[in-house]
Amino acid sequence: MSTFSNTPVRSAHGALMTTYRSPTVRRVDWINPIVLGVIATLGIFFIKSAQRASNGNQWEQQLVWLALGAALYVALSTVDYHVWMKNAWLVYLGSIVLLLLLWSPLGEVRSGARRWLGFGSYTVQPSEFAKIGTLVMLAFVLAKSELGSFRDSLAMLGKVAAIVAVPMMLIFLQPDLGSSLALFPTVFALLYVSNLSARFFVTVFGLFLAALFVLKTDIKNYENYYQAGQVIMGKTSFLDYDHFLEKNGLQPVAGLGPYTAKVVSSKLTMRQYNEANQVAPAVVLGSYEKQSWLPLKNYQRDRIASFLDPEDVDPQGIGVAWNQKQSQIAVGTGGLTGKGYENGTQARLGYLPSKVATSDFIMAVFLEETGFIGGLAIISLYAILLGNTLRIAWIARDRFGRLLCVGVAVLFMVHVFVNIGMVQGLMPVKGIPLPLLSYGGSFVLGCCILMGLVQSVHRFSREAV
């Protein structure tokens, strides 16, 4: 039987002609790879622009990662996605093993975070592959299950929670709050597509609001703790601290010991304190991490607090809010058409550090140099990518393929939404880069793998014509 099929077409003279095209080629979705190629190309140019001052070579490294990613994309797109359904447990357990290896001699610690596996001069970030393994496992479990009412689905929800909890906890312990939180919208989207009872989503929304209240309370207490420490170290006046307490409806920090509490409340001068107590005030104050029962690091609280109350935490914008402030300046000065390629000043002059300008804040560099029009263009490209991925989910011939594509679309959407909101000051600063526009080896490979799976769903969801 021939592997080619003929399709009659009419020539300019009206005669019927027969052309031959391979069914394999005809089943390829060309929209996603073209859009991905355009975004990746823009990423190369603007990573280079962001490092113009430091003469960095990350754009060359990005080329290598993109070449590897393209090879993975093509390879995965030629494999029937049902292979991953049959081996979902192996894929999932493999991703968990990679996360556990972070606590082996292969794990590397940078700036207090254990997020990378070192293989000679190369490093990989297992959390990117853990998101893929978790998505495949969730799609498999939900595709094999029939969800009904909230009560009838409790057992299945327990399985889903267990599947997500293991990688999320291991990612959170690194710590990597951004990657762990990216899993939540994906889970809810998959449950929604699986037609879970609306009662579940109402309940979760209520719990989400309660969690926000708890988080806000913790952040306020942290700010109070921070301001008290500033008073004790002589960096903030008693009057300023009293104004902070009155503004936020708070009481002075409790549990500081009799002498320290009097210093904070201005009932005792620092000189009197030093005469009465041999221990330094900052030592008595201790670490807020030990006082709070929320498992957050102080630098994570700093990022959230700088977003919620920038005037209290970093009023001059020279501390934890520095990167986001410089990003907003870059976005604002870009105007309608931008300053032109390689003419941006924030990254070139070092105000936006090169370390973040090429990764989490690459969009700030892009918007400064291309302006509102450039921003509209890149957002349109992502919209086409996500819309087409959802279209492929719609035509998928089974639930597994549909859930896989929806999960990929939501993961990409979370990265795009949070990152663009972050560079404009609309979202807290999180380590969430832009797909294929930001620099990052493991992240580039992860994006290519996910999109390769989407291409596989498209190719193997249609009969040969």
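Before reading on, note that the structure itself is shown above.
Residues numbered from 1 in each chain as written. Predicted model: local features only at pLDDT ≥ 70, side-chain atom pairs only at ≥ 80, totals over all residues. Heavy atoms only, no water.

Across the 7 residues of strand 4 (residues 113–119), 5 count as buried, placing the element largely inside the fold. Relative to strand 4, strand 3 (residues 107–110) is paired through 4 bridges, and the arrangement is antiparallel. When the bridges of strand 4 are listed, Arg110 appears paired with Ala113. Here strand 3 folds back onto strand 4 in antiparallel fashion, the turn holding 2 residues, of which Ser111 has a positive phi close to 50°. Pairing geometry for strand 4 and strand 5 (residues 122–124), over 3 bridges, is antiparallel. Across the sheet, Gly118 pairs through a bridge with Thr123, a residue of strand 5. Following strand 4, the chain reverses through 2 residues before pairing antiparallel with strand 5; Gly120 in that reversal takes a positive phi of roughly 70°. (Buried < 20%, exposed > 50% of the residue type's maximum accessible area, 1.4 Å probe, protein only. Helix = DSSP H or I, 4+ residues; strand = E, 2+ residues; numbered from the N terminus. Pairing = 2+ DSSP bridges.)

Here the distance between the centres and the angle between the planes together describe a pair of aromatic rings. What the rule picks out here adds up to 5 aromatic pairs. When the centroid spacing of 5.5 Å and the interplanar angle of 85° are considered together, the rings of Phe46 and Tyr341 count as edge-to-face. One end of the pair, Phe46, is in helix 2 (residues 31–50); the other, Tyr341, is in the loop between helix 18 (322–334) and helix 19 (354–357), and 295 residues separate them in sequence. Relative to Tyr92, the ring of Trp89 lies with its centre 6.3 Å away and its plane at 85°, an arrangement referred to as edge-to-face. Of the two residues, Trp89 and Tyr92 are both situated in helix 5 (residues 88–100); the distance of 3 residues between them amounts to about one turn of the helix. Since its relative accessible area comes to 6%, Tyr92 is described here as buried. The ring of Trp59 carries the charged tip of Lys48 above its face, separated from the ring centre by 5.1 Å. (Phe/Tyr/Trp six-rings, centres within 6.5 Å; stacked < 30°, edge-to-face > 60°. Lys NZ or Arg CZ within 6 Å of the ring centre and 35° of its normal.)

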